[in-house]
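Residues per chain, in single letters:
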Amino acid sequence: LFFALDLDNFFTINYIKQNKELLERLVNNNFLASLIIFHLSFLVLLSFFLPIAAIMLVASGFFFTYYISLIFAIFLTVITITLGGFLNFLILETIQFTFIFEKANIFARKLEKKIKSNEIQYLLILRLIPIPFILQNAIAVILKVSKRNFFITTFLGVSPYATIYSFAGYKLKE
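These numbers were taken from a predicted model, which means no experiment stands behind them. (Residues numbered from 1 in each chain as written. Predicted model: local features only at pLDDT ≥ 70, side-chain atom pairs only at ≥ 80, totals over all residues. Heavy atoms only, no water.)

Draft legend 1. Structural context of the overall build of the chain. The number of helices and strands found in the chain is nine helices and zero strands. Each helix and strand of the chain, ordered N terminal to C terminal, gives the series α-α-α-α-α-α-α-α-α. When the 174 residues of the chain are sorted by exposure, 39% land in the buried category. Put simply, of all contacts in the chain between residues at least 6 apart along the chain, 81% involve residues at least 24 apart. Carbon and sulfur atoms form 69% of the exposed surface of the chain, whose accessible area is close to 10200 Å². (Helix = DSSP H or I, 4+ residues; strand = E, 2+ residues; numbered from the N terminus. Buried < 20%, exposed > 50% of the residue type's maximum accessible area, 1.4 Å probe, protein only. Contact = heavy atoms within 4.5 Å. Areas by Shrake-Rupley, 256 points an atom, 1.4 Å probe, with all protein chains shown as cover.)

The following block contains the structure:
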């Protein structure tokens, strides 16, 4: 539905550039409301497994670094992505996503046993591999990692990407 209605066109650098003045005016006139709406929208979009994280990180750096420090903008987006990833994890776990991969279950159980001993290390490595966020979350669900370790490693693992993309958004103003 998201793509059928061409809503993905609103999540591009071109859209931000073309509507820069309007969007900046909205943020300037309603900073706190804009900040809250932006991050809540980001969280909702992530929970629907939509691939919008990179552009939202750029947009965060672009719109909110004038009023708050780049560090705080990055921190907010990392929190949002972590919560979105955790929601993905819970949704996939709830719908028993692993049932879909019943054929791969034997292999997954063997891998799960190996990963359990160094779960945090493996999850961090997984977060740093440039594959779609939803696939990373699905792998974590299939391997039945602990929610605590998933949350911690998501927070730590998305921080480098959030920093780079937010800084890119900050520099996009120039």
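Draft legend 2. Spatial organisation of the packing of helix H5 (residues 70-94) against helix H8 (residues 133-142). Contact geometry for H5 and H8: axes closest at 9 Å, N-to-C directions at 50°. Judged by the angle between their axes, H5 and H8 are oblique. Considering how the two elements wind past one another, H5 and H8 form a crossing that is right-handed. On H8, the residues that touch Ile 81, Gly 85, Asn 88, Phe 89, Leu 92 and Glu 93 of H5 are Phe 133, Ile 134, Asn 137, Ala 138, Ala 140 and Val 141. Taken together, the residues of the contact of H5 with H8 break down into eight nonpolar, three polar and one charged. (Axes fitted to C-alpha atoms, helices over the stretch in contact; angles between N-to-C directions. Parallel < 35°, antiparallel > 145°, perpendicular 65-115°, else oblique. Left-handed = near helix turned anticlockwise from the far one by under 90°. Nonpolar A, V, L, I, M, F, W, Y, C, P; charged D, E, K, R; others polar.)

Draft legend 3. Region of interest: the nonpolar core. Counting 29 residues, the largest nonpolar core has Phe 42, Ile 52, Phe 63, Phe 64, Ile 68 and Ile 81 as its most contacted members. The set of elements that each furnish at least two residues to this core consists of helix H2 (20-29), helix H3 (31-47), helix H4 (53-64), H5 and helix H9 (147-172). Counting residues per element, this core draws most heavily on H4, which supplies eight residues. Setting aside its immediate chain neighbours within four residues, Ile 68 contacts Phe 31, Leu 35, Ala 73 and Leu 76. Membership of the second largest hydrophobic core comes to 11 residues, among which are Phe 89, Leu 92, Leu 126 and Ala 138. (Core = buried A, V, L, I, M, F, W, Y, C linked by side-chain atoms within 4.5 Å.)

Draft legend 4. Structural detail: the packing of H4 against H9. The geometry of H4 relative to H9 is characterised by a closest axis approach of 6 Å and an angle of 50° between their N-to-C directions. As the angle between them shows, H4 and H9 are arranged oblique. Crossing handedness for the pair H4 and H9: right-handed. Counted together, Ala 54, Leu 57, Val 58, Gly 61 and Phe 62 of H4 and Tyr 161, Ala 162, Tyr 165, Ser 166, Gly 169, Tyr 170 and Leu 172 of H9 form the full contact between these two elements. Here the residues of the contact of H4 with H9 are counted per class, giving nine nonpolar, three polar and no charged.

Draft legend 5. Up close: the pattern of salt bridges. Summed over all chains, the structure comprises one salt bridge. The residue Glu 93 makes a salt bridge to Lys 147 at a minimum N-O spacing of 2.9 Å. With Glu 93 in helix H5 and Lys 147 in helix H9, this residue pair connects regions lying 54 residues apart in the sequence. On the accessibility criterion, Glu 93 (34% relative accessible area) is partly exposed. (Salt bridge = Lys/Arg side-chain N within 4 Å of Asp/Glu carboxyl O.)

Draft legend 6. Here's a closer look at the packing of aromatic side chains. Using the criterion set out here, one finds 11 aromatic pairs in the structure. Seen from their ring centres, Phe 86 and Phe 89 are 6.4 Å apart, and the 10° between their planes marks the pair as stacked. One end of the pair, Phe 86, and the other, Phe 89, are both in helix H5, three residues apart, so they sit about a helical turn from each other. Accessibility expressed as a relative area gives 1% for Phe 89, which makes it buried. Between Phe 86 and Phe 150, the aromatic rings sit 6.5 Å apart at their centres with planes inclined by 40°, giving tilted as the arrangement. Placement of Phe 86 in helix H5 and of Phe 150 in helix H9 is noted, with a sequence separation of 64 residues between them. Cluster of aromatic residues (ring-pair linked, three or more members): Phe 31, Phe 38, Phe 42, Phe 62, Phe 63 and Phe 64. (Phe/Tyr/Trp six-rings, centres within 6.5 Å; stacked < 30°, edge-to-face > 60°.)

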